[in-house]
Amino acid sequence: MISGRREFILGTTRTTGLLVLSGLIWSAYVDEITANKLILRPPAALKEEDFLSTCIKCGMCVEACPFNTLVLAKPGSNKPLGTPYFEPRQIPCYMCPDIPCVPVCPTGALDATSVSTNKKLDINKSKMGVAIVDDKNCIAFWGIQCDACYRACPLMDEAIYLKYEKNERTGKHAFLKPIVNSDICTGCGLCEHACVTKEAAIIVLPRKVALGEVGNHYIKGWDKKDEIRIKKSKNQTTKTKISEKSALDSLNETKDLY
Ligand code: SF4
Ligand code: SF4
Ligand code: SF4
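The text that follows walks through the structure, step by step, so that each part is easy to find.

Conventions used here
- Residues numbered from 1 in each chain as written.
- Chains lettered and ligands numbered in written order.
- Predicted model: local features only at pLDDT ≥ 70, side-chain atom pairs only at ≥ 80, totals over all residues.
- Heavy atoms only, no water.
- Helix = DSSP H or I, 4+ residues; strand = E, 2+ residues; numbered from the N terminus.
- Buried < 20%, exposed > 50% of the residue type's maximum accessible area, 1.4 Å probe, protein only.
- Contact = heavy atoms within 4.5 Å.
- Areas by Shrake-Rupley, 256 points an atom, 1.4 Å probe, with all protein chains shown as cover.
- 1 Å grid on protein atoms, 1.4 Å probe; cavity = no way out; pocket = protein on both sides within 12 Å on 5 of 7 lines; lining within 4 Å.
- Points joined across faces, edges and corners; volume = space filled by probe spheres on them.
- Nonpolar A, V, L, I, M, F, W, Y, C, P; charged D, E, K, R; others polar.
- Domains from an automatic or database assignment.
- Salt bridge = Lys/Arg side-chain N within 4 Å of Asp/Glu carboxyl O.

### What about the overall build of the protein chain?
- Along its length, the protein chain carries eight helices and eight strands.
- When each of the 258 residues of the protein chain is scored for burial, the buried share is 29%.
- Counting only contacts in the protein chain whose residues sit at least 6 apart along the sequence, the fraction spanning at least 24 positions is 62%.
- Only carbon and sulfur atoms are counted for the fraction: they give 58% of the accessible area of the protein chain, which is about 17300 Å².

What follows is the structure, given as structure tokens:
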């Protein structure tokens, strides 16, 4: 009798265990396919696809962070399960000069070389995201004096600066508008954390989401650095039916154009 009960309990436990397990796997699967593209990764993270295939979800970076900035994604969080991320409005990255979260990564998912200058760790090189100002809700754009984000920035006057403009509405006041330099902004989110509005009027987004990409078809002819960019880029040509011929032939064969 006891043995019968034992088998029944064991069987039920096994079934429940399997149901819980399959529920967890299903939840992880749903999280993976619906994963929020707005996720912010730790400093020095590889490109998102490479990061996802390299990070083993060990949590070493999370453990190493002295500010509890980094967390591992939980089931149902709409983020790839077990991967580290941060939410700057809750806790930003404090840009530790020794970047303790990076060297502990055992797989290279956080690549120290991408945040190093002359083999020395340099947090200012990190590109966790980029801050974007919502000029409709930033009160500095209304003419109210606020520089909380500007003052919070560890790269003040480089990553973010205040632009002076005359307030034409009042004729006697000035706007001091926060402007982000996306080349320098690290995406630490200290500005988002400091913003005084109910919902932050400056937020950090992944660079891939927030920034465009000009490609190799346009060049700033007045900028030597831009010429180097084009020279370094892989040779790319766009071939169409018309461009296969010489320009003169194409123009003469008007049927191709209509
Ligand atoms: S740099 Fe410092 S604050 Fe930022 S995630 Fe790494 S350990 Fe945390
Ligand atoms: S230490 Fe590296 S492998 Fe481990 S969770 Fe962090 S990023 Fe992933
Ligand atoms: S995220 Fe904000 S605080 Fe951090 S570097 Fe960029 S502008 Fe400065």
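### Overview of the layout of surface pockets
- Put simply, the second largest pocket is a space of about 230 Å³.
- In terms of residue count, strand β8 (residues 202-205) provides more of the lining of the second largest pocket than any other element does, three residues in total.
- Class assignment of the residues belonging to the lining of the second largest pocket gives a composition of nine nonpolar, one polar and four charged.
- Counting contributing residues, the lining of the second largest pocket receives three or more from each of domain 1 (35-126) and domain 2 (129-213).

### Looking at unusual backbone geometry
- A positive phi angle, near 70 degrees, is found at A44, a position not held by glycine.
- Structurally, the position occupied by A44 is in the loop between α1 (2-33) and α2 (48-54).
- Unlike most non-glycine residues, K119 shows phi in positive territory, near 65 degrees.
- Note that K119 resides in the loop between β3 (116-117) and β4 (120-121).

### Comments concerning the environment of V71
- In this fold, V71 is placed in strand β1 (residues 71-72).
- Each C-alpha atom, one on V71 and one on C61, is 9.0 Å from the other, the two residues being 10 residues apart in sequence.
- V71 has contacts with V62, T83, P84 and Y85, leaving out every residue within four places of it along the chain.

### What about the environment of L46?
- Structurally, L46 is set in the loop between α1 and α2.
- The sequence separation of L46 and A109 amounts to 63 residues, and the corresponding C-alpha distance is 5.7 Å.
- Apart from the residues within four sequence positions on either side, L46 is in contact with F51, T54, G108, A109 and D111.

### A short note on the pattern of salt bridges
- Evaluated as defined, the whole model comprises seven salt bridges.
- Between E48 and R41 there is a salt bridge, with its nearest N and O atoms 2.8 Å apart.
- Residue E48 is classed as partly exposed on the basis of its relative accessible area of 28%.
- For R41, a relative accessible area of 5% puts it in the buried group.

### Observations regarding the side chain of T186
- Structurally, the position occupied by T186 is in the loop between β7 (174-180) and α5 (190-194).
- Ignoring anything within four residues of it in the chain, the contact list for T186 reads M95, I123, N124, S126, K127, M128, G129 and L155.

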